[in-house]
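As a plain string of letters, each chain reads:
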Amino acid sequence: MKREDYISDALVVKRVNEAVRIELEKKKAMDVPVFIYDRETQSIYQQNSDGSKVEVGKRMRKERYSERVTQKT
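These notes cover the structure that comes with them. On a predicted model such as this, the values are computed, not experimentally measured, just so you know.

Definitions and cut-offs
- Residues numbered from 1 in each chain as written.
- Predicted model: local features only at pLDDT ≥ 70, side-chain atom pairs only at ≥ 80, totals over all residues.
- Heavy atoms only, no water.
- Pairing = 2+ DSSP bridges.
- Helix = DSSP H or I, 4+ residues; strand = E, 2+ residues; numbered from the N terminus.
- Axes fitted to C-alpha atoms, helices over the stretch in contact; angles between N-to-C directions.
- Expected span 1.5 Å × (residues − 1).
- Phe/Tyr/Trp six-rings, centres within 6.5 Å; stacked < 30°, edge-to-face > 60°.
- Lys NZ or Arg CZ within 6 Å of the ring centre and 35° of its normal.
- Patch = residues over 30% accessible without salt bridge, like charges linked within 9 Å, V, L, I, M, F, W, Y side chains within 5 Å.
- Areas by Shrake-Rupley, 256 points an atom, 1.4 Å probe, with all protein chains shown as cover.
- Salt bridge = Lys/Arg side-chain N within 4 Å of Asp/Glu carboxyl O.
- Buried < 20%, exposed > 50% of the residue type's maximum accessible area, 1.4 Å probe, protein only.
- 1 Å grid on protein atoms, 1.4 Å probe; cavity = no way out; pocket = protein on both sides within 12 Å on 5 of 7 lines; lining within 4 Å.
- Points joined across faces, edges and corners; volume = space filled by probe spheres on them.

## Quick look at the sheet that holds strand S1 (residues 34–38)
Pairing is antiparallel in the open sheet, where three strands are placed in the order S1-S2-S3. Across the chains shown, the open sheet's two edge strands, defined by having one partner strand only, are S1 and strand S3 (53–58). With direction set aside, neighbouring strand axes in the sheet form an average angle of 30 degrees. Pairing analysis gives five bridges linking S1 to strand S2 (residues 43–47), with the strands arranged antiparallel. Across the sheet, the residue bridging to Val-34 is Gln-47, located in S2.

## Overview of helix H1 (residues 9–29)
End to end, H1 covers 30 Å across 21 residues, agreeing with the expected 30 Å (1.5 Å per residue, within 8%). At the C-terminal side of H1, Asp-31 shows a positive phi close to 60 degrees.

## Things to note about the packing of aromatic side chains
Here the structure, examined in full by the defined rule, presents zero aromatic pairs. Here Lys-53 stacks its cationic end above the ring of Tyr-45, 5.4 Å away from the centre of that ring.

## A closer look at the pairing of S3
Two elements, S2 and S3, share five bridges in a ladder whose sense is antiparallel. Paired with Gln-46 across the strands is Val-54, a residue of S3. The turn joining S2 and S3, which pair antiparallel and follow one another in sequence, is formed by five residues; a positive phi near 100 degrees is taken by Gly-51.

## A few points about a nonpolar patch on the surface
Taken together, the side chains of Ile-7, Leu-11, Val-12, Val-16, Val-20 and Leu-24 present a nonpolar region at the surface, about 450 Å² in accessible area. Its place among the elements puts Ile-7 in the segment before H1. Classification of Ile-7 as partly exposed rests on a relative accessible area of 40%.

## Comments concerning the layout of surface pockets
Here the largest pocket is characterised by a volume of approximately 170 Å³. In terms of lining residues, the largest pocket is bounded by Leu-24, Glu-25, Lys-27, Lys-28, Val-32, Val-34, Ile-36, Gln-47, Asn-48, Ser-49, Asp-50 and Gly-51. Of all the elements in the fold, those that place two or more residues in the lining of the largest pocket are H1 and S1. It is H1 that provides the largest number of residues to the lining of the largest pocket, a total of four residues.

## Remarks on unusual backbone geometry
Positive phi values are uncommon outside glycine, yet Asp-31 reaches one of about 60 degrees. Note on placement: Asp-31 falls in the loop between H1 and S1. Of note in the backbone geometry, Gln-42 takes a positive phi value of approximately 55 degrees without being a glycine. Here Gln-42 shows up in the loop between S1 and S2.

Dropping the structure here:
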């Protein structure tokens, strides 16, 4: 595959965002709840097709796995 045949990173991001948007619309139409992670509050929410949000849980750990392993040793 030649270099000219590759698609740009911006186009890949655009396609991924569109795929996620379509999947969310599909789940909403099928009345299936969607689980969303909020980075600011570090909480996990269940969003129903009617738009209501229910908090399901919070993030358990704040550091990365590699940071936790080095602290134990």
